[in-house]
Amino acid sequence: QVQLVESGGGLVQAGGSLRLSCAASGSIFSINAMGWYRQGPGNKRELVATITSGGSTNYADSVKGRFTVSRDNAKNTVYLQMSSLKSEDTSVYYCNARITSTWPVRYEGNYWGQGTQVTVSS
């Protein structure tokens, strides 16, 4: 079994910063990619940033230059450093990962965290 646990969300003033963390745990053989998505009121879930095991990153245009995604492979953890936050960034942020598990059988699946609320006041 694999699970993702997010942390770091909260309330912040516009222009401020937050760092989100997502740690994967369980019977993990490898993590192919990890990243962040968000879903605000009335919106569909959208990609924010992703990072592969090799370090290749991808960002939504709306966050380029403000957000940075990184990972600590030894800790199976991905981070999202958010700076220059805007009210438009207010959303529930979800961690996502493509993980190959080892138990009960080797299996590559797509996993989601429960989400963490980020609220930016204007």
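Right above here is the structure, for reference.
Residues numbered from 1 in each chain as written. Predicted model: local features only at pLDDT ≥ 70, side-chain atom pairs only at ≥ 80, totals over all residues. Heavy atoms only, no water.

This part takes up the overall build of the chain. Tallying secondary structure elements over the chain gives zero helices and 11 strands in all. Mapped from its N terminus to its C terminus, the chain presents α and β elements in the order β-β-β-β-β-β-β-β-β-β-β. A compact globule built from 122 residues should have a C-alpha radius of gyration of about 14 Å, and the chain, at 14 Å, falls within 12% of that. Within the chain, the fraction of its 122 residues that count as buried is 43%. Here the contacts in the chain between residues at least 6 apart in sequence split such that 55% fall between residues at least 24 apart. Here the chain has roughly 6500 Å² of accessible surface; of this, 46% comes from carbon and sulfur atoms. Looking at charge distribution, the chain has the averaged site of its 11 positive side-chain charges lying 4 Å from that of its 7 negative ones. (Helix = DSSP H or I, 4+ residues; strand = E, 2+ residues; numbered from the N terminus. Rg over C-alpha atoms; globule rule 2.2 N^0.38 Å. Buried < 20%, exposed > 50% of the residue type's maximum accessible area, 1.4 Å probe, protein only. Contact = heavy atoms within 4.5 Å. Areas by Shrake-Rupley, 256 points an atom, 1.4 Å probe, with all protein chains shown as cover. Lys, Arg positive; Asp, Glu negative; His and termini not counted. Charge placed at Lys NZ, Arg CZ, Asp CG, Glu CD.)

To continue, consider the sheet that holds strand S3 (residues 18-26). An order of S1-S3-S8-S7 is seen for the four strands of this open sheet, with the pairing classed as antiparallel. Of all the strands in the sheet, the pair left with one neighbour each is strand S1 (2-7) and strand S7 (67-72). Ignoring which end each strand starts from, the neighbouring axes of this sheet average 15° apart. (Pairing = 2+ DSSP bridges. Axes fitted to C-alpha atoms, helices over the stretch in contact; angles between N-to-C directions.)

Before going further, it helps to examine the pattern of salt bridges. Tallied over the full model, the rule gives five salt bridges. Residue Asp-89 is joined to Arg-38 by a salt bridge in which the shortest nitrogen-to-oxygen separation is 3.0 Å. Of this pair, Asp-89 sits in the loop between strand S8 (77-82) and strand S9 (91-101) while Arg-38 sits in strand S4 (residues 28-39), placing them 51 residues apart in sequence. Judged by its relative accessible area of 1%, Asp-89 falls in the buried class. (Salt bridge = Lys/Arg side-chain N within 4 Å of Asp/Glu carboxyl O.)

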